[in-house]
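# Analysis of the macromolecular model
Below are the chains, spelled out letter by letter.
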Amino acid sequence: EDRLLSEPLGHPDFFNVKELFSLKDLFDARVHLGHKKGCRHRFMEPYIFGCRLGQDIIDLEQTAQHLQLALNFTAHVAYRKGIILFVSRNRQFCHLVESTARACGEYAHTRYWQGGLLTNAHVQLGPGVRLPDLLVFLSSLNNVFEPHVAIRDAAKMNIPTVGVVDTNCNPCLITYPVPGNDDSPAAVELYCKLFRMAIVRAKDKRRQREVFGELQ
Amino acid sequence: LRLIYTTAVAQRKNVAAAGPEKYTEAFIKKQIEEFNLGKRHLANMMGEDPETFTQEDIDKAIAYLFPSGLFDERARPMMKHPTEIFPEKRKIQWGEDGRPFHFLFYTGKPSYYSLMHETYGMLLNVQENQDQMSVQDFPPEKEKSKNLPGSRWLTKMELEEMLLENLSDHDYSRFIQLLQKMVALPYGADEEKYMKKFSKEIVSQLQKVVIEPLQYDERGVAFSTAEGQRKTARATVVVYDNGSGKITVNGVDALRYFPVLQDREQLMFPFQFLDRIEKHDMVCTVSGGGRSSQAGAIRLASAKALKSFVTEKEVELMRQAGLLTVDPRLRERKKPGQEGARRKFTWKKR
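Residues numbered from 1 in each chain as written. Chains lettered and ligands numbered in written order. Predicted model: local features only at pLDDT ≥ 70, side-chain atom pairs only at ≥ 80, totals over all residues. Heavy atoms only, no water.

## Looking at the overall build of chain B
Counting its secondary structure elements, chain B contains 11 helices and 8 strands. Per-residue burial for chain B yields a buried fraction of 31% across its 350 residues. For chain B, restricting intrachain contacts to residue pairs at least 6 apart in sequence, the fraction spanning at least 24 positions comes to 64%. Per element, the accessible surface of chain B, about 24,600 Å² overall, is 53% carbon and sulfur. (Helix = DSSP H or I, 4+ residues; strand = E, 2+ residues; numbered from the N terminus. Buried < 20%, exposed > 50% of the residue type's maximum accessible area, 1.4 Å probe, protein only. Contact = heavy atoms within 4.5 Å. Areas by Shrake-Rupley, 256 points an atom, 1.4 Å probe, with all protein chains shown as cover.)

## A word on the interface of chain A and chain B
The partner chain B presents 23 residues to the 29 residues of chain A that form the contact. Around 2,400 Å² of area is buried between chain A and chain B when both sides are counted, 57% of it from carbon and sulfur atoms. Its largest share of buried area at the contact with chain B, chain A owes to A:H95, A:Y107 and A:R111, together 27% of the area lost on that side. One can count 1 salt bridge joining chain A with chain B. (Buried area = accessible area lost by both parts, 1.4 Å probe. Salt bridge = Lys/Arg side-chain N within 4 Å of Asp/Glu carboxyl O.)

## Regarding the sheet that holds strand β5 (residues 107-109) of chain A
Residue and element names in this part refer to chain A. Here 5 strands make up an open sheet; going across it, the order is β5-β4-β6-β7-β8 and the pairing parallel. Looking along the sheet, the strands with just one partner apiece sit at the ends: β5 and β8 (176-179). Across the sheet, the mean angle from the axis of one strand to that of its neighbour is 20°, orientation sign disregarded. Judged from the 3 bridges that link them, strand β6 (residues 134-139) and strand β7 (residues 161-165) form a sheet pairing that is parallel. Looking across to β7, one finds that F137 is bridged to G163. With respect to the sheet, helix α3 (residues 60-79) is in contact with β4 (84-88), β6, β7 and β8, its orientation differing from that of β8 by roughly 140°. Across the sheet, helix α7 (residues 185-215) lies against β4, β6 and β7, angled at about 160° from β6, the strand it touches most. (Pairing = 2+ DSSP bridges. Axes fitted to C-alpha atoms, helices over the stretch in contact; angles between N-to-C directions.)

## Observations concerning the environment of A:A70
Residue and element names in this part refer to chain A. On the secondary structure map, A70 appears in helix α3. Linking A70 and Y176, residues 106 residues apart in sequence, is a C-alpha distance of 5.7 Å. Once you skip the residues sitting within four places of it in the chain, A70 turns out to touch V162, Y176 and V178.

## Here's the deal with unusual backbone geometry
All names here are of chain B. Backbone geometry at K231 places phi at a positive 50°, although glycine is not the residue there. Its place among the elements puts K231 in the loop between β4 (222-230) and β5 (233-240). Among the residues examined, K231 registers a relative accessible area of 43% and is labelled partly exposed. Even without being a glycine, D275 presents a positive backbone phi close to 55°. Within the element layout of this structure, D275 appears in the loop between α9 (261-273) and β8 (281-287).

## Remarks on the nonpolar core
Among the nonpolar cores identified, the biggest contains 67 residues, and A:F86, B:L159, B:F175 and B:F198 are the most heavily contacted of them. The element that contributes the greatest number of residues to this core is α7(A), accounting for 10 residues. With sequence-adjacent residues up to four places away left out, B:F175 is seen in contact with B:Y112, B:L115, B:M116, B:T119, B:L159 and B:F198. Membership of the second largest hydrophobic core comes to 29 residues, among which are B:V239, B:F258, B:A305 and B:M318. (Core = buried A, V, L, I, M, F, W, Y, C linked by side-chain atoms within 4.5 Å.)

## Quick look at the domain arrangement of chain B
Domain annotation for chain B reports domain 1 (25-85), domain 2 (105-133 + 150-201) and domain 3 (215-321). Between the C-alpha centres of domain 2 of chain B and domain 3 of chain B the distance comes to 51 Å. (Domains from an automatic or database assignment.)

## Some thoughts on the sheet that holds β5(B)
All names here are of chain B. Read across the open sheet, the 6 strands follow the order β3-β4-β5-β8-β6-β7; overall the sheet is mixed. Where the open sheet ends on each side, the last strands, each with one partner, are β3 (215-216) and β7 (252-253). Running over the sheet, helix α10 (residues 291-306) touches β4, β5, β6 (247-249) and β8 and is turned about 140° from β4.

## Describing the pattern of salt bridges
Oppositely charged side chains are able to pair whenever their charged atoms sit close together. All names here are of chain A. The full count for this structure, using the stated rule, is 27 salt bridges over all chains. For D56, the salt bridge is made with R40, and the minimal N-O distance between the two is 3.0 Å. Here R40 lies in the loop between β1 (33-36) and β2 (48-52) and D56 lies in strand β3 (residues 55-58), a separation of 16 residues in the sequence. In this structure, K81 and E210 form a salt bridge, with 3.3 Å as the shortest nitrogen-oxygen distance.

## A look at helix α6 (residues 169-184) of chain B
Taking 1.5 Å per residue as the helical rise, α6(B) with its 16 residues ought to reach 22 Å, and the 23 Å between its terminal C-alpha atoms agrees with that figure. Those residues of α6(B) that are buried are in contact with α4 (110-135), β1 (151-153), α5 (156-163) and α7 (189-196) of chain B. (Expected span 1.5 Å × (residues − 1).)

## Here's the deal with the side chain of B:Q338
Residue and element names in this part refer to chain B. Note that Q338 resides in the segment after α11 (312-321). Judged by relative accessible area, Q338 falls into the buried class, the value being 17%. When near neighbours in sequence (up to four residues on either side) are disregarded, Q338 contacts R343, K344 and F345.

## Here we look at the packing of aromatic side chains
All names here are of chain B. The full count for this structure, using the stated rule, is 17 aromatic pairs over all chains. With a centroid separation of 5.2 Å and an interplanar angle of 55°, the aromatic rings of Y112 and Y113 are classed as tilted. Assessed through its relative accessible area of 8%, Y113 is described here as buried. Aromatic side chains F269 and F273 sit 6.3 Å apart centroid to centroid with 90° between the ring planes, which places their arrangement in the edge-to-face category. (Phe/Tyr/Trp six-rings, centres within 6.5 Å; stacked < 30°, edge-to-face > 60°.)

## Overview of the environment of B:G337
Residues and elements named next belong to chain B. Structurally, the position occupied by G337 is in the segment after α11. On the accessibility criterion, G337 (59% relative accessible area) is exposed. When the C-alpha atoms of G337 and P50 are compared, they prove to be 60 Å apart, with 287 residues separating the residues in sequence.

In structure tokens form, the structure reads like this:
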């Protein structure tokens, strides 16, 4: 009931997301590597630590903070039984992202995004659909290196977004951007693992609390 | 400031664009229960045993109790199992709390994309196996018996039927490319079973052709009978072995019956094709049609009769030459307002 839902909101880190990763893990997974300075997006400059031999390096301390916020938010959404949709248009990781979503019990969309999927959902997906409550972008660009349409559509439909933004991405409309590498397999595997663990933890806690509530 | 929380009245629902109404699982289950109850009632009414009342009996009973003279079969009263009446596509895809059942529901084509996901997973497994084999330096696997040339992949229509979704040509070609990639690599038994679901056997035409055995008459000469037709002509032919090339049509010699060279050439064609011109005797009876169609009918009949004398390869050659196919062309009727079947009346400008 109300206590079940309002109690977690009091704590700054109810699901203890900080212990899921460390700065060293991020560094080993090559999350700090960005694109070359020619591809740099203007709005990503605050998140960039520096530039080495023409390649941008992302500030991992900021990344750690943003990632902790993002994972915390995802865990809260999963605790409140929200629908989470993983989006990534990177063909290399399409299979991985879909398997992660399936493992969590959540949903994925790593294929061609049909125009009115969110904005015209009642016509395209059927009347009375429930839209996703959170969109998680593991790569916020599409195959033509433009911002994914879903970012703008989610903003239109008031759906919060969590997204991994690389140095050539636009972090503007994403609610919880996570500056980091979205092209290395090691980095993407790390993100998938972290999101999966956060969601699974949140769901387990919810189930435990419901059982305790019933017993009392 | 745009209002976010508006009443249902303010948000105009495009009722027509929403598509046909969808059914829940519970609704379908209830329909099935009602159907089974109704089946038992009907069996009792007809005085039959409720346990052994089949669908055919139901159809007959309904046709008896509710006679209908309507032309269209689909408009007549029918009683069928609900799974046949309520199409699969229309079931609602999410549960009570609103969460969709399929993890790829939000893509718009869940069954197709989950098929691609599975197939790609299999392909990755196969590639991993291949890498492991090459790392462990196993001897290269013997050439496995690949899909025999007598099989083909499913067509786009068949795949659409299987998935109950509309596909585009691009989607279909992508899927076939994936399957072809997998076939090229050394795959195992699981993958073979999976791929068999998407391949169909092509039954070669030759298996359909029935070759009758030779019959022997009193003198011990082998003969074979066959029938043929062309336009309105019907011919029956008996081909005898150990002959000298004599052809008798309706009791008369072929030279007398067919004065035109073209018709006699048509008679000769099957024998000439098989290099058996002066080895067989032929006795034919033909009726109907004109001279050309009678010749064509006898040709078809003699080719069919010769099938029994000849090897299977030569039968296949004859089939490919068109000697064994019935010519389906018939006279087209004359239409009113035109002078003939196609010819229109002379058009006068004024």
